[in-house]
Amino acid sequence: MRSLFALVVVSSLLCWDGAAVAQAVGQFPFALTREGQMLGAVEGEVASFKGLAYAAAPVGALRWRPPQATAENSEMRTAYQYGAPCLQPSLPGASEDCLTLNVFRPFGVDGPLPVMVFIHDGGFVGGTANDPLFDGAKLAQAGLIVVTVNYRLGALGWLAHPALSEGGSGNYGLMDQIAALHWVHDNIAAFGGDANNVTLFGGGAGATSIALLMLCAQSGDLFQKAILQSLPGRARLRSVQEAEAMGRQFVAALGQEVDLRVAAPARLLAAEQYLLARSGRSFAPAMDGSLVREDVAAGFAAGHESRIPLIIGSNDDETLFDGEREIGETLASSGESSDELRKLYPDIARPSERAAKFYTDKVFSEPVRLLARLHAATGAPTFRYRFAYVPEARRSNPDGGHGRELQFIFGVEGVPGAGMLTRADREVANRMRSYWINFARSGDPNGPDLPRWDAAADRERLLLIANDRIASGDDPWTERLDRLAR
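Description of the structure in this document. (Residues numbered from 1 in each chain as written. Predicted model: local features only at pLDDT ≥ 70, side-chain atom pairs only at ≥ 80, totals over all residues. Heavy atoms only, no water.)

1. Overview of the pattern of salt bridges
Throughout the structure, instances matching the rule amount to 19 salt bridges. Ionic pairing is found between Arg234 and Glu366, a salt bridge with its closest N-O pair at 2.7 Å. Residue Arg234 is located in the loop between strand S11 (225-229) and strand S12 (238-239), and its partner Glu366 is located in helix H10 (residues 351-377); the two are separated by 132 residues in the primary sequence. We classify Arg234 as partly exposed; its relative accessible area is 43%. With a closest N to O distance of 2.9 Å, Arg480 and Asp361 form a salt bridge. Note that Arg480 is positioned in helix H13 (residues 478-485) and Asp361 in helix H10, a separation of 119 residues in sequence. Summarising the burial analysis for this pair, Arg480 and Asp361 share the class buried. (Salt bridge = Lys/Arg side-chain N within 4 Å of Asp/Glu carboxyl O. Helix = DSSP H or I, 4+ residues; strand = E, 2+ residues; numbered from the N terminus. Buried < 20%, exposed > 50% of the residue type's maximum accessible area, 1.4 Å probe, protein only.)

2. Digging into the packing of aromatic side chains
Enumeration over the complete set of coordinates arrives at 18 aromatic pairs. Relative to Phe134, the ring of Phe118 lies with its centre 4.7 Å away and its plane at 50 degrees, an arrangement referred to as tilted. Here Phe134 lies in the loop between strand S8 (113-119) and helix H1 (137-141) and Phe118 lies in strand S8, a separation of 16 residues in the sequence. As far as the burial class goes, Phe118 and Phe134 line up, both buried. A connected cluster of aromatic rings, assembled from ring pairs, spans Phe383, Tyr385, Tyr435, Trp436 and Trp453. Across from the ring centre of Tyr82, 4.5 Å away, lies the NZ or CZ of Lys50, which sits over that ring. The aromatic ring of Trp477 is capped on one face by Arg386, whose charged end is 3.8 Å from the ring centroid. (Phe/Tyr/Trp six-rings, centres within 6.5 Å; stacked < 30°, edge-to-face > 60°. Lys NZ or Arg CZ within 6 Å of the ring centre and 35° of its normal.)

3. Structural notes on the packing of H10 against H13
At their nearest, the axes of H10 and H13 sit 10 Å apart, and the two run at 90 degrees to each other. By the angle between their directions, the pair H10 and H13 is classed as roughly perpendicular. Where H10 approaches H13, its residues Lys357, Phe358, Asp361, Lys362, Ser365, Glu366, Arg369 and Arg373 are matched on the opposing element by Thr478, Arg480, Leu481, Asp482, Leu484 and Ala485. Residues belonging to the contact of H10 with H13 are distributed by class as follows: 4 nonpolar, 2 polar and 8 charged. (Axes fitted to C-alpha atoms, helices over the stretch in contact; angles between N-to-C directions. Parallel < 35°, antiparallel > 145°, perpendicular 65-115°, else oblique. Contact = heavy atoms within 4.5 Å. Nonpolar A, V, L, I, M, F, W, Y, C, P; charged D, E, K, R; others polar.)

4. Re the nonpolar core
Counting residues in hydrophobic clusters, the biggest one holds 84 residues, and the most contacted among them are Tyr54, Val117, Val147 and Phe250. The dominant element in this core, judged by the number of residues it contributes, is helix H3 (residues 172-187), at 9 residues. In this structure Tyr54 touches Thr70, Leu99, Thr100, Leu101, Val149, Asn150, Tyr151, Asp176, Ala179, Ala180 and Trp183, once residues within four positions along its chain are discounted. (Core = buried A, V, L, I, M, F, W, Y, C linked by side-chain atoms within 4.5 Å.)

5. A look at the state of the cysteines
Under the definition given, this model contains 1 disulfide. Note that Cys86 is cross-linked by a disulfide to Cys98, the S-S spacing being 2.0 Å. What sets the handedness of the Cys86 and Cys98 disulfide is the S-S torsion sign, and at about 90 degrees it is right-handed. Note that Cys86 is positioned in the loop between strand S6 (76-78) and strand S7 (100-106) and Cys98 in the loop between S6 and S7, a separation of 12 residues in sequence. The class for Cys86 is buried, based on a relative accessible area of 2%. (Disulfide = S-S within 2.5 Å.)

6. Overview of the side chain of Asn102
Along the chain, Asn102 falls in strand S7. Polar contacts involving the side chain of Asn102 include one to the side chain of Asn130, which spans 3.4 Å. Beyond its immediate stretch of four places on either side in the chain, Asn102 contacts Phe49, Lys50, Gly51, Tyr82, Ala129, Asn130, Val146, Val147 and Thr148. (Polar contact = N/O pair within 3.5 Å; in protein donor to acceptor, adjacent residues only side chain to side chain.)

7. A word on the side chain of Gln407
Assignment of secondary structure puts Gln407 in helix H11 (residues 405-410). In this structure the side chain of Gln407 is engaged in a polar contact, spanning 2.6 Å, whose partner is the backbone oxygen of Gly419. Setting aside anything within four residues of it in sequence, one finds Gln407 in contact with Leu133, Arg394, Val412, Glu413, Ala418, Gly419 and Leu421.

8. Describing the sheet that holds strand S15 (residues 382-387)
Across the sheet, which stays open at both edges, the 11 strands sit in the order S4-S5-S7-S9-S8-S10-S11-S14-S15-S16-S17 with mixed pairing between neighbours. Strands at the two margins of the open sheet, each flanked by one partner only, are strand S4 (41-43) and strand S17 (470-474). Between one strand axis and the next, the sheet turns by 20 degrees as a mean value, whatever way the strands run. Here S15 runs beside strand S16 (residues 461-465); their pairing, made up of 3 bridges, is parallel. Bridged to Phe387 within S16 is Ile465. In the packing of H10 onto the sheet, contacts are made with strand S14 (310-315) and S15, and the angle to S14 comes to roughly 165 degrees. Across the sheet, helix H12 (residues 423-442) is in contact with S8, strand S10 (193-203), S11, S14, S15, S16 and S17; its angle to S11 comes to roughly 145 degrees. (Pairing = 2+ DSSP bridges.)

Here it is as structure tokens:
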């Protein structure tokens, strides 16, 4: 693989009092990849390359097929703008032609540098790496390469149907992520990155994807560390039979006479929304017997995951309930009664708050503890955390905390989904980011001027990031989580 990172100086002749003066008016980062010569942009201390295609556009005959390699190209192209978000409802500019990624790197710093690859959340049906919240500049300033990845979503990403069986049916979004990791492995040196020091990180659906990649033989050599944020670790994946049954429902909603690979995108979205209104888990990874062979918890219990350094954790308040319907659904799905919840959470008076706390513990806190235990038992370095910090401006009226830690890790302010931070907020953000950066460099989050983060293998310790302190300690929720684990 050809590898080059060079500085191109663009000069122009300016006339001043009749004299011609050569003056540099711009400096642009340049990278040579298999797909061509890429010209990026510089803002401050960071160079960015946006909208880089890591696979051919999955349209027409390539719709619902594994991602295909792009053609080699020798042309110079600019990489100033994000590519389109992957097709989804209610997001302007979304498109099927979306298999792109974005690269952020410190400008003028020699490599090889550690690489962090971010997989976004969105419940497998929404979201994009192009979200301003995921700007990688702050992380890159610390001497890292940051890559953010778009992958197919909804029906286009996860539809399983017998008519699409060639090349493997379903899990196209996971195939995309693996293709992006191959692109990173083959090309990141052109940007100054170290292909042998890659850390995956992400929350929610992104964390689920990474956990599945840790269990997947096809991706095992493509990354060396992982950070799982707010992973619903005990969630049951659908069998291939269940996935194909959902696929048949999708085709029925679409219209049996329609050719799946020529149907208009708007028609696909309409059928997708119809099914999502009936079940929010209509489109998600399924056990296909190839890429995905087992649930995450079962795979970790069997020790099948990559034995790599791991950070894993969740947030103190992953959700916020405000209605009787949500409370009733939570209790019905769990088999718990209102009286049992009162015993579990005697200090919480409002039923909605008790139900929300129970949901957080049952779906995130206890499964995260389980996976940390299982991974630490393999001998791999394992660091567990709980993020309980609430930005000062939100403490009088807090919202659901799922994904709240992302603003602190990326350090972005004043964009949609990320308000302005106070001085105290920024101090917490700087420490959080330092832990993530240290881990990406060496597999150990600890460093100078940071509170010590004990490994989870040491009496199941965790790092608690609270409003008043950041410190390692024994989990104060141990007894409650033990009861939920039964």
